[in-house]
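Letter by letter, the chains look like this.
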Amino acid sequence: MKNIFVIFKREYLTRVKNKTFIIMTFLAPLLMVGFYAATIYIATETGEDDRTKTVYVSDNNPELLLSHNPPANYVLLPAPSDSDSALAHVERGLVHAWLNVEDRDLRSVDSATYYTSETPSITEKETLKEWIRNKATQRQFARLGLREGQIDSLQSSCNLETKEVSSQGDVKESSSGLKSGIGFALAFMIYIFIFVYGSMVMRSAMEEKTNRIVEVIVSSVKPFDLMMGKILGVAAVGLTQFVAWIVLAVGLVFGISALFLNSGSGMTTKQAVQSGVEARTGMGGMGAGSGAAVSMGGEMSAQPGGMVHGASDMAAEFTEPLSNLPYFQILSVFLLFFVGGYLLYSSFFAAIGSAVNQESDVQQFMMPVTLPLVFGFVIAQTVALKAPHGAMAKLFSMIPLTSPIVMVVRAPFGVPLSELALSFGLLVLTFVLMVWLSSRIYRIGILSYGKKPTWKDLWKWLR
Amino acid sequence: MSPVIQAIDVCKTFGEQRVSKNIHLSVPQGSIYGLLGPNGAGKTTLIRMLSTITQPDSGEILFNGEPLKEIHAQQMGYMPEERGLYKKMTVAEQLLFFAELRGLSNKDAKASVKHWLQRLEMMDWARKKVEEISKGMAQKVQFVSCVLHNPQLLILDEPFSGFDPVNADLIKDLIIELKNQGTSIIFSTHRMDNVESLCDRLAIIHQGEKVLDGGVSEIRRDHFTGIFEVGFNQMVDWDLSRNSLPAETLISMQNQSDGKVVYRFQTSDSFTPEQLLKLAMTKGNLVHFSENIPSIHEIFVNTVSKSAEPIAGATKAAEPFVMF
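Keep in mind that this is a model prediction, so the values were computed, not measured.

Reading guide: rules and limits
Residues numbered from 1 in each chain as written. Chains lettered and ligands numbered in written order. Predicted model: local features only at pLDDT ≥ 70, side-chain atom pairs only at ≥ 80, totals over all residues. Domains from an automatic or database assignment. pLDDT = per-residue confidence, 0-100. Helix = DSSP H or I, 4+ residues; strand = E, 2+ residues; numbered from the N terminus. Contact = placed C-beta atoms within 7 Å. Buried ≥ 20, exposed ≤ 12 C-beta atoms within 10 Å, placed from the backbone. Pairing = 2+ DSSP bridges. Axes fitted to C-alpha atoms, helices over the stretch in contact; angles between N-to-C directions. Nonpolar A, V, L, I, M, F, W, Y, C, P; charged D, E, K, R; others polar.

1. Details of the domain arrangement of chain A
- Split into domains, chain A comes out as domain 1 (2-39 + 175-258 + 325-462) and domain 2 (53-147).
- Inter-centroid distance (C-alpha atoms) of domain 1 of chain A to domain 2 of chain A is 55 Å.

Put into structure tokens, the structure is as follows:
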């Protein structure tokens, strides 16, 4: 026991005292925020194809009035009467494309063709489809005798508020968007942490082996103690970093919310909540990738002010549900499953590090270890976010290789204590089993130099 | 005196290969014990068993008369042939870590580190990282790391390999100093240069078997060949047949650069060293007469080449590092 502590102390102190660690602890959150800000900026600002496109239009159905009100960045020209020369012009690049609408039926415009020399993007196709569909719809309204202004005023809006009824009979405002966001962010952190700190354990084991330190150490420490000290020491480094981030984040959140509370009055908050919900429903559709959402996104970016407006509304909308979240449960689930998942995976990583002789041999063993982790992350992104209480989400939040990630996504939505206990129990059992197996590989791996180990060797060491 | 460590009928097999075959050995307290053998003889395997890193398949190892357990590792110092240090740690941190691993309290560890750094005049280097100090300096740190806890038994696997001559001499002096303080020392080597001056006892291991064991002077006496050297200032006419001596009695003649001529004779019961000396004295300017005692090197080569199988070869590949 004392030796585990001596190893633990060394692993922890050498890492925490490292300048890179200190700098990264403060820099990583900034980099992360910067990374997402940049992604969002690029997606909204420069994701569009902003070339002006000249397109021939064959207006076979004069009722559609296709040559009026072209979509943004499109210049429409009447097509030459014979289709051969229209196609020849497209091919020679005189025009970007030729849009040929043959259909005369307004209810379903079926035979419309878009001829281009380059394959159009999905966005381009959807934009044009929506544009034609809108035109057709508007013509149908016009047939009923409605004017354009009347049509807009007939569009209804809806705001659905969600409230949660707890067992004590309290009714609280809830936000599934916020919960998804928090769950996903925590799952992402676990995913990254397991990779970063797991490979730290692996490199540490490899360093001792390649620098030939390990034989000196195992003459006074049992290989199991060495491995456990290492795994726990690195875990403590991870937790230290995590606590530092929480402190930073809480500081930031308090700073920002203080700013918001001072500037907003009650009335405007109420309005903001309404428009915020509308904005967010649109965003959700966009994520699903439906055709309608793409045009919605296009419309939003057409009015640059709208985006910024929506964002500040969203922040305001979250203030109340933010205070209603089961913080204690979320945080304790996160910590328990983070530690459990890390311990499980890092024991694999330690075994790999002890078996190989050089970095380049790592790859063949990493694959089967990282696969379940990546799989868990994919499950978390898809199934667990859409249906946190569904059968799939429940199944994968029980399987120990994926549960650390999937369970954390489910946690903000409220998971029954019995499920949490079962899942965590399974995780701990698997972890104990894996540490035992890994230590058997470790024990032999660290003293085996020479040829590159194979899966067969590892199996032999296990027995 | 009772042995500090004792191996009784120890066997170890890796896969098909028997690396230690029924080894018996006994290291007296306060002695320096040399384990000799060509590369791949099984020295490292034996040493790993003595230092609790691996366990024998059969047989027993006793430490101060008790069956060897992991707890005994606290009273041992071990410097493996494959050795290294943490590059990113400072000299002092590193030594402190090793001292604590060997069971010293933080306070004792600090005192010991200070003592040794002062002893080797390395205080100025204590705060330097290992990657910043010279290789020779790192070698000293390496040696100190195994003696910090004042072990009862110090096990050194090929301690002089990789050390420059100046450091090798320093290590040699330290080994003798530790011995005088009562530490028992086992070291393995495949080079014979240091054996005669250092060891009290030695064992020769060849292909997993102990082929020779004993005190250094006894071994040499046992291998006494009866060869004597007689030196003159000029060539001498021995005229062996007139003294009714067979021609084989005179083994060789050597003209040395300083003009001396040295003859080597094989003595026996029928031609004793006294008779050789008397004969030599009749030949004039006798300047040198000595018994030709075989060096450990010669004994080693003789013993190893005499054993049934040929030497495994000088390559390290013969030594199995993989442990099943």
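That covers the picture; the talk isn't over yet.
2. Description of the confidence of the model for chain A
Residue and element names in this part refer to chain A.
- Confidence along chain A averages 78 in pLDDT terms, with 82% of residues attaining 70 or more.
- Per-element averaging of pLDDT across chain A places helix 10 (residues 291-302) at the bottom with 36 and helix 1 (residues 2-16) at the top with 90.
- Taken together, the stretch residues 264-311 has pLDDT below 50 and engages in 47 contacts with residues farther than four places along the chain or on a different chain.

3. Details of the pairing of strand 9 (residues 201-206) of chain B
Residue and element names in this part refer to chain B.
- Extensive coverage of strand 9 is indicated by the burial of six of its six residues.
- The pairing of strand 9 with strand 10 (residues 209-215) spans six bridges and is antiparallel. Looking at strand 10, one finds that His206 is bridged to Glu209.

4. Concerning the sheet that holds strand 12 (residues 250-255) of chain B
All names here are of chain B.
- The strand order 12-13-11-14 describes an open sheet built from four strands, whose pairing is antiparallel. What marks the edges here is a single partner per strand, and that holds for strand 12 and strand 14 (286-291). The sheet shows a mean angle of 15° between the axes of neighbouring strands, direction not considered.
- Pairing of strand 11 (residues 227-232) with strand 13 (residues 261-266), which is carried by six bridges, proceeds in the antiparallel orientation. Bridge assignment links Val230 to a residue of strand 13, and that residue is Tyr263.

5. Focus on the interface of chain B and chain A
- If you look at the interface, chain B gives 24 residues, while chain A gives 21 residues.
- With three residues, helix 2 (residues 91-101) of chain B is the largest single contributor of residues to the side of chain B that touches chain A.
- Here the side of chain B that touches chain A is composed, by residue class, of 13 nonpolar, four polar and seven charged.

6. Structural notes on the domain arrangement of chain B
- Partitioning chain B into structural domains gives domain 1 (3-221) and domain 2 (225-291).
- A straight line from the C-alpha centre of domain 1 of chain B to that of domain 2 of chain B covers 45 Å.

7. With respect to the sheet that holds strand 2 (residues 74-78) of chain A
All names here are of chain A.
- Read across the open sheet, the four strands follow the order 2-1-3-4; overall the sheet is mixed. Sheet topology places strand 2 and strand 4 (112-116) at the edges, where each strand pairs with a single neighbour. Averaged over all pairs of adjacent strands, the angle between their axes in this sheet comes to 25°, without regard to strand direction.
- Bridging between strand 1 (residues 53-59) and strand 3 (residues 97-101) involves five bridges; their strand directions are parallel. Residue pairing across strands places Val55 opposite Ala97, the latter belonging to strand 3.
- Along the sheet, helix 3 (residues 83-92) contacts strand 1, strand 3 and strand 4; its crossing angle with strand 3, the most-contacted strand, is approximately 145°.

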